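Geometric and topological summary
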2 protein chains.
Amino acid sequence: MQERVPATITQFEERLIDVSDSLPKRLRQCAEYVAANKDRIAVSTVAEMAEGAGVQPSAFMRFCRILGFSGFSEMQRLFRDSYSGGWPDYSTRLKNLREKAEGTPFALLAEFVDVGRASLENLLKTIDAKTLDDAVEALAKAQMIHIIGLRRSFPVASYIAYAFEKMNVPAMLHSGVGGLDNHNAIRPGDVLLAVTFSPYAAETIEMVEAVSSRGIPVVAMTDTIVSPLRKFDAITLSVSEVDFGAFRSLSATLCLAIVLSVAVGTKRSE
Amino acid sequence: MQERVPATITQFEERLIDVSDSLPKRLRQCAEYVAANKDRIAVSTVAEMAEGAGVQPSAFMRFCRILGFSGFSEMQRLFRDSYSGGWPDYSTRLKNLREKAEGTPFALLAEFVDVGRASLENLLKTIDAKTLDDAVEALAKAQMIHIIGLRRSFPVASYIAYAFEKMNVPAMLHSGVGGLDNHNAIRPGDVLLAVTFSPYAAETIEMVEAVSSRGIPVVAMTDTIVSPLRKFDAITLSVSEVDFGAFRSLSATLCLAIVLSVAVGTKRSE
DNA sequence: CGGAATTTGGAATATATGTTCTATTTTGCT
DNA sequence: AGCAAAATAGAACATATATTCCAAATTCCG
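Attention now moves to the overall build of chain A. Secondary structure assignment for chain A yields twelve helices and seven strands. For 270 residues, the compact-globule formula gives about 18 Å, and the C-alpha radius of gyration of chain A, at 25 Å, lies well above that figure. The principal-axis extent of the C-alpha atoms belonging to chain A is close to 75 × 45 × 30 Å. Counting over 270 residues, chain A shows a buried share of 52%.

The full set close to DNA strand C counts 16 residues, and V46(A), R65(A), F72(A), R26(B) and Q56(B) are the nearest of them. Counting only atoms of DNA strand C within 4 Å of the protein, the fraction found in sugar and phosphate groups is 74%. One of the side-chain N or O atoms of Q56(B) is found 2.4 Å from a phosphate oxygen in DNA strand C. Here a base oxygen of DNA strand C and a side-chain polar atom of S58(B) are 3.0 Å apart. Elements supplying a minimum of two residues to the surface near DNA strand C: α4 (46–53), α5 (57–66) and α6 (72–82) of chain A together with α2 (25–36) and α5 (57–66) of chain B. Here the residues of the surface near DNA strand C sort into six nonpolar, six polar and four charged.

Let us look at the packing of aromatic side chains. Residue and element names in this part refer to chain B. For the coordinates displayed, the defined rule picks out nine aromatic pairs over all chains. Ring centres 5.7 Å apart and planes at 55° place the aromatic pair F60 and F63 in the tilted group. Of the two residues, F60 and F63 are both situated in helix α5; the distance of three residues between them amounts to about one turn of the helix. An identical accessibility class is assigned to F60 and F63; each is buried.

Another point: the sheet that holds strand β2 (residues 171–174) of chain B. All names here are of chain B. Taken together, five strands build an open sheet; the order of strands is β2-β1-β3-β4-β5 and the sheet is parallel. Edge strands, defined here as strands with exactly one partner in the open sheet, are β2 and β5 (235–238). Put simply, the sheet's adjacent strands are angled 15° from each other on average, direction ignored. Alignment of strand β1 (residues 145–148) against β2, held across four bridges, turns out to be parallel. Residue pairing in the sheet places I147 in a bridge with L173 of β2. Against the sheet, helix α12 (residues 251–268) touches β1, β3 (191–196), β4 (218–222) and β5, its axis set at about 155° to β4.

Turning our attention to the state of the cysteines. Considering all chains together, one arrives at zero disulfides over all chains under this definition. Here C255(A) stays free of any disulfide, with the sulfur of C255(B) as its closest cysteine sulfur at 14 Å. By relative accessible area, which is 4% here, C255(A) ends up buried.

A few words on the interface of chain A and chain B. When the parts of a complex come together, some accessible area is lost, and that lost area is often used as the size of the interface. Listed by partner, the interface residues are 68 residues for chain A and 69 residues for chain B. Scanning the region where chain A abuts chain B turns up three salt bridges. When the shortest N-O distance is used, the salt bridge between K125(A) and D39(B) registers 3.8 Å. Viewed at the interface, chain B and chain A are joined by five residue pairs in polar contact (both at pLDDT 80 or more). Of all the secondary-structure elements, those providing two or more residues to the side of chain A that touches chain B are α3 (38–41), α6, α7 (90–99), α8 (105–126), α9 (129–141), α10 (154–166), β7 (247–248) and α12 (251–268) of chain A. Considered class by class, the residues forming the side of chain A that touches chain B number 41 nonpolar, eleven polar and 16 charged.

Taken over all residues, the pLDDT of chain A has a mean of 86, while the share at 70 or more is 90%. Across chain A, strand β1 (residues 145–148) of chain A holds the top mean pLDDT of 97, while α7(A) sits lowest at 60.

The next subject is the side chain of S249(B). Within the secondary structure, S249(B) sits in the loop between β7 (247–248) and α12. S249(B) sits in the buried class, given a relative accessible area of 3%. Excluding anything up to four places from it in sequence, S249(B) contacts I258(A), V115(B), G116(B), S119(B), E241(B) and V242(B).

Attention now goes to the pattern of salt bridges. A full pass over the atoms with the stated rule returns twelve salt bridges over all chains. Here E137(A) makes a salt bridge to K267(A), at a shortest N to O gap of 3.4 Å. Residue E137(A) is found in helix α9, and its partner K267(A) is found in helix α12; the two are separated by 130 residues along the sequence. Judged by its relative accessible area of 37%, K267(A) is partly exposed. Note that E13(B) and K38(B) form a salt bridge whose closest N and O atoms lie 3.2 Å from each other. Taken as a pair, E13(B) in helix α1 (residues 9–19) and K38(B) in helix α3 (residues 38–41) lie far apart in primary sequence, 25 residues in all. Look at E13(B) and you get partly exposed, because its relative accessible area is 24%.

What follows concerns the pairing of β1(B). All names here are of chain B. What you see with β1 is no split at all: I145 and I147 on one side and H146 and I148 on the other are buried throughout. In this view, the connection linking β1 to its parallel neighbour β2 by way of helix α10 (residues 154–166) has right-handed handedness. Sheet analysis places β1 next to β3, joined by four bridges and oriented parallel. Within β3, the position partnered with I148 by the bridge is A194.

Moving on to the sheet that holds strand β3 (residues 191–196) of chain A. Residues and elements named next belong to chain A. With respect to topology, five strands assemble into an open sheet ordered β2-β1-β3-β4-β5, the strand pairing being parallel. What marks the edges here is a single partner per strand, and that holds for β2 (171–174) and β5 (235–238). Here the average twist between neighbouring strands, direction ignored, is 15°. Lying over the sheet, helix α11 (residues 202–213) contacts β1, β2, β3 and β4 (218–222), oriented at roughly 155° with respect to β3. α12 rests against β1, β3, β4 and β5 of the sheet, and its axis sits at about 155° to β4.

With that settled, consider unusual backbone geometry. Unlike most non-glycine residues, N168(A) shows phi in positive territory, near 60°. Residue classification places N168(A) among the exposed residues on the basis of a relative accessible area of 68%.

Cut-offs used in this document
- Residues numbered from 1 in each chain as written.
- Chains lettered and ligands numbered in written order.
- Predicted model: local features only at pLDDT ≥ 70, side-chain atom pairs only at ≥ 80, totals over all residues.
- Heavy atoms only, no water.
- Helix = DSSP H or I, 4+ residues; strand = E, 2+ residues; numbered from the N terminus.
- Rg over C-alpha atoms; globule rule 2.2 N^0.38 Å.
- Buried < 20%, exposed > 50% of the residue type's maximum accessible area, 1.4 Å probe, protein only.
- Near = heavy atom within 4 Å.
- Polar contact = N/O pair within 3.5 Å; in protein donor to acceptor, adjacent residues only side chain to side chain.
- Nonpolar A, V, L, I, M, F, W, Y, C, P; charged D, E, K, R; others polar.
- Phe/Tyr/Trp six-rings, centres within 6.5 Å; stacked < 30°, edge-to-face > 60°.
- Pairing = 2+ DSSP bridges.
- Axes fitted to C-alpha atoms, helices over the stretch in contact; angles between N-to-C directions.
- Contact = heavy atoms within 4.5 Å.
- Disulfide = S-S within 2.5 Å.
- Salt bridge = Lys/Arg side-chain N within 4 Å of Asp/Glu carboxyl O.
- pLDDT = per-residue confidence, 0-100.
- Right-handed = clockwise from strand over helix to strand, strands pointing away.

Shown next, in the form of structure tokens:
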């Protein structure tokens, strides 16, 4: 019985198939129940799993052992971690890496590549297809698209402005150069695309507020659902990105920005 | 604080938005972390959630109470019950998504997420650790760092400028606002960080040429080794990004930009 | 600036949950 | 049927985890 412990869900499944032919009654019940309810492993206790399978907890424990784990906890950990890729505390990892002088730039790079990948995967899970459709729809109908995004969000805003220009979409980037406000450039029939992340730039919030009260549609790219933009009835695309200190890996945000640009550009030229 | 306990995820979100305006510091951290990682609640312990939010477990407990639960366990139960598991794993999900949602913005998102991931993976393979070290070294020694990146590279340049500012690194972004050149701001002891990708912006090349001939060190972020910047003896970090149509997913480039910023910022403060 | 109220950190405690052990039952074999 | 080996149930035990409590720090107000 000294097989090595499954390290991935796939290995787990293979092992499950392997053993399931030579199993006594109770353990077979476990195998069948687990096969049919893999997704419950991450969120259940042994007692619950055992009851579901119609066996005693101790029987279920033996079952875990046969699969190669030291116990139920170890098996559960596999499922808990592999759900959502497991990006628990990148920000502390990065902080440590940065503080410890031993962190070479290359190690830092590896870490950030990983963060970016996790963020991208997560993006697919958290973006709601319907909301994305609505956003594209609203922007495609706009006479002119106004873009605002300051400080840490400015790279995103400027990227979108560039992409729109390349796709012949009328757009205006409100960068605040020279402290000019240009609020009056925003007119009925236009749409505002606002990008802001914690700590939210006051100017952005103000602009959304002003524009929203005039009945002009707003599409927002922001983090989480507790963003202050929630107060106004904007179409909100929330992107959660790993950040630490002042830094934010913008992978997911920029990815969404490209998608918006391309989708809107395509739709308008139809 | 005797509100009734949220019975659905939607109610939970509403409650979260309700309270999140009137929350002290630590509890606000909890709210933000939870909003960004709702999916982790089902499979984490209080200790893990607390660590993720950067607070003590006891603080997280108070947070659960404010949301209307008797404790963390009750809140977790809500998420465990409505947990359906996001399997099968990433690659198959992506494939399904693309086939099923063909032509929709969401399919486009899946496409770009994949492109981004590929670019990031590729970055690790193509960046040379030694060159990266040299670049960090050169930038860390600079009196002042001048940053240039125009058109499609501008988001990257502006990101770097922001990051340097936050890390108290003296830096100047040459954005060309108003057609002013500011060549004379670049002085001996300074370093130029140039970002450019095909089709290379003439202004950037010119600046590199001018500066380089004055004996001022240049660090370049560019694509491939055939970039025109090769002519000048700059420290060249080449990033090959996967293109999708006319658009460039900047994931890898921005990732490298963050790494440079953080590494340089850290090194200077040693 | 000083005192009250709130918020916070950390250790102490309670509880739930996983794990092990052993007597008993079942199964397989001759 | 009778014996040995394997499997099982259930209780006892160990550990991980949630929860509470209170002193210290902070913020708020007059």
